Amino acid sequence: MKNPELWKNLWARYEDEDRPHRMLALDGGGIRGLITLGILENIESLVAKYTGGRLCDYFDYIAGTSTGSIIAAGLARGMSVAELIQFYRASGKEMFEPSALLERVKYFYTADPLKAQLQAVFGEKTNLEPGNLNCLLLVVTKNVTTDSAWPISSNPEAKYNDLSRKDCNLKIPLWQLVRASTAAPAYFPPEILQWDANDPSKTFVFVDGGVTPHNNPAFLLYRMATEPAYRLNWKTGEDNLLLVSVGTGAAESAGATAAAPNRNLFSTVTGLPSELMYGILVDQDINCRTVGRCSYGAPLDREILDLVPRREADGTVIPLSENQGRKFLYARYNADLSREGLNRLGFPQLDAESMRKMDAVANIEPLLKIGQAAGAHVQAEHFGRLLA
């Protein structure tokens, strides 16, 4: 049985360990986080209509990587999607524009403007203790000191969240953890986090969580909610666990062909981080669709399609009322940023290559509109019996 003292104001909603749980996972992708926010507008409206609550009231555990960590932290603090959109409009330049890098370096050890903005939004002294959040939060970072992914959770039961530890994860300032998760290499200086002021070995250097295998943190979130080592032990099953995953837009990159094997060789090398991120997020998505029961998601490729369970006889979708014995119910919402994808969403006038950039802050408004259009696919039936 969990200790209610550890959970503070969250205890009432988590006391029943056997009740269904709902999780939300948010991808990384720089300024394209506006696409996530556009989709979340529709999810927020749906949740309010059916439950009367906020996203942090409906979702029990919210995870985010890089730009997704900003949104996840804001939601966990009780912010609305509209408030987060306003933050991106006001602070997008400092967070994602390359030209702002010199200013970040200039103020790194003094009055970093981004630091001040994150503190204003999340609170200067706010940390991960449950009393400061409205639901559980998971932020994905990359510890370059240990060369490993560090997913840091607010779960009070976790081994390294024991408040008696000098290196307790819950004591890390939320604003600093978010900035660590968004410190994209070559764009921003790394973030230095100090767990124990009296132990230099507990000081680590962090960069953007998007360079880990968890730029799409959905399957990681599932593991950390159900694997006994993390001490939550949430019950699995299609009627017990819902996982909603929201992307920042994606599109395959055109590369060399057999007729021109060396074409675009330079651009392929320079675009390697983005291509790796795309491959990783697709792989994590496939993990969720094969272990979980996919209720909605775009086709992944021509062989496996969307992996939504269908009847062999006629290809019709099997209703969610017919349990398939999967570990959780899963819905994946994203926007196709290819030329064809933007055309289908109703944006033939937008430049596809520009929309795929993660640092083009001039695209804030069109990216938001793309997300809102993609969010139109959100339907109550995708949430099955867990929309209540």
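Residues numbered from 1 in each chain as written. Predicted model: local features only at pLDDT ≥ 70, side-chain atom pairs only at ≥ 80, totals over all residues. Heavy atoms only, no water.

Novice: Describe the pairing of strand β9 (residues 329-333), naming the residues involved and giving the relevant values.
Specialist: Buried residues dominate β9, accounting for 5 of its 5 residues. The alternating pattern of β9 places Leu329, Ala331 and Tyr333 and Tyr330 and Arg332 on opposite faces, both of which are buried. The pairing of strand β7 (residues 241-246) with β9 spans 5 bridges and is parallel. Counted as the bridge partner of Val246 is Tyr333 from β9. Bridge count between strand β8 (residues 293-296) and β9: 3 bridges; the pairing is parallel. Note that in β9 the partner of Arg293 across the bridge is Leu329. (Buried < 20%, exposed > 50% of the residue type's maximum accessible area, 1.4 Å probe, protein only. Helix = DSSP H or I, 4+ residues; strand = E, 2+ residues; numbered from the N terminus. Pairing = 2+ DSSP bridges.)

Novice: Help me get a handle on the environment of Arg32, residues and values and all.
Specialist: Locating Arg32 in the fold gives a position in the loop between β1 (21-26) and α3 (33-51). Note: C-alpha distance between Arg32 and Ala360 (328 residues apart in sequence) is 8.6 Å. Residue contacts for Arg32: discarding those within four places in its chain leaves Thr248, Gly249, Leu337, Met355, Arg356, Lys357, Met358 and Leu367. (Contact = heavy atoms within 4.5 Å.)

Novice: Lay out the side chain of Asn216 in plain terms, naming residues and giving numbers.
Specialist: With respect to the helices and strands, Asn216 occurs in the loop between β6 (203-208) and α10 (218-226). Here Ala218 takes part through its backbone nitrogen, which lies 3.0 Å from a polar atom of the side chain of Asn216. Non-local contacts of Asn216, meaning those with residues more than four positions away in its chain, are made with Asp27, Ser245, Leu281, Gln284, Asp285 and Arg332. (Polar contact = N/O pair within 3.5 Å; in protein donor to acceptor, adjacent residues only side chain to side chain.)

Novice: Explain the side chain of Ser154 residue by residue, including any values.
Specialist: Looking at the secondary structure, you find Ser154 in the loop between β4 (148-153) and α9 (174-181). For Ser154, the residues in contact, after removing those within four places along its chain, are Leu128, Pro130, Leu133, Cys135, Leu136, Leu137, Asn161 and Leu170.

Novice: Go over the environment of Tyr160, please, and point to the residues and values.
Specialist: Inspection of the secondary structure assignment puts Tyr160 in the loop between β4 and α9. Tyr160 sits 70 residues away from Tyr230 along the chain, and the two C-alpha atoms are 9.8 Å apart. Ignoring sequence-local partners within four residues, the contact set of Tyr160 consists of Arg165, Asp167, Cys168 and Asn169.

Novice: Could you give an account of the packing of aromatic side chains, with specific residues and numbers?
Specialist: Evaluated as defined, the whole model comprises 15 aromatic pairs. A centroid spacing of 5.1 Å and a plane angle of 35° characterise the contact between Trp7 and Tyr14, whose relative ring orientation is tilted. Comparing Trp7 with Tyr14, the two get one shared label, buried. Ring centres of Tyr222 and Phe328 lie 4.7 Å apart, and the angle between their planes is 40°; on these two criteria the pair is classed as tilted. Of the two residues, Tyr222 sits in helix α10 while Phe328 sits in the loop between β8 and β9, which places them 106 residues apart along the sequence. Residue Tyr222 is classed as buried on the basis of its relative accessible area of 9%. Classification of Phe328 by relative accessible area gives buried; the value is 0%. Members of the aromatic cluster, connected to one another through ring pairs, are Trp7, Tyr14, Tyr61 and Trp234. Here Arg19 stacks its cationic end above the ring of Tyr14, 5.9 Å away from the centre of that ring. (Phe/Tyr/Trp six-rings, centres within 6.5 Å; stacked < 30°, edge-to-face > 60°. Lys NZ or Arg CZ within 6 Å of the ring centre and 35° of its normal.)

Novice: Tell me what's going on with the nonpolar core, and back it up with residues and numbers.
Specialist: Among soluble globular proteins, nonpolar side chains are generally buried collectively. Ranked by internal contacts, the top residues of the largest apolar core, which has 104 residues, are Leu40, Ile43, Tyr61, Tyr88, Leu243, Ile370 and Phe383. Setting aside its immediate chain neighbours within four residues, Phe383 contacts Ile43, Leu46, Tyr58, Leu242, Val244, Leu329, Tyr333 and Val378. (Core = buried A, V, L, I, M, F, W, Y, C linked by side-chain atoms within 4.5 Å.)

Novice: Go over unusual backbone geometry with me, naming the residues and quoting the values.
Specialist: In the Ramachandran plot, Ser66 falls in the positive-phi region, its phi being about 55° despite a non-glycine side chain. By the secondary structure assignment, Ser66 is in the loop between β2 (61-65) and α5 (67-76). Located in the positive-phi region is Leu307, a residue other than glycine, with phi close to 60°. Relative to the elements of secondary structure, Leu307 occurs in the loop between β8 and β9.

Novice: So, the packing of helix α6 (residues 81-96) against helix α15 (residues 364-374): which residues are in play, and what are the values?
Specialist: Where α6 meets α15, the axes come as close as 11 Å, and the angle between the chain directions of the two elements is 155°. With respect to their mutual orientation, α6 and α15 come out roughly antiparallel. Pair α6 / α15 crosses with right-handed handedness. Across from Ile85, Tyr88 and Arg89 in α6, the residues of α15 making contact are Ile364, Glu365 and Leu368. Of the residues contributing to the contact of α6 with α15, the split by class is 4 nonpolar, no polar and 2 charged. (Axes fitted to C-alpha atoms, helices over the stretch in contact; angles between N-to-C directions. Parallel < 35°, antiparallel > 145°, perpendicular 65-115°, else oblique. Left-handed = near helix turned anticlockwise from the far one by under 90°. Nonpolar A, V, L, I, M, F, W, Y, C, P; charged D, E, K, R; others polar.)

Novice: Please provide a residue-by-residue account of the packing of α3 against α6, values included.
Specialist: Contact geometry of α3 with α6 gives a least axis separation of 9 Å together with a crossing angle of 165°. Here α3 is positioned roughly antiparallel relative to α6, judged by the angle of their axes. Crossing angle aside, the handedness with which α3 passes α6 is left-handed. Contact residues: α3 offers Gly33, Leu34, Leu37, Leu40, Glu41 and Glu44, while α6 offers Val81, Leu84, Ile85 and Tyr88.

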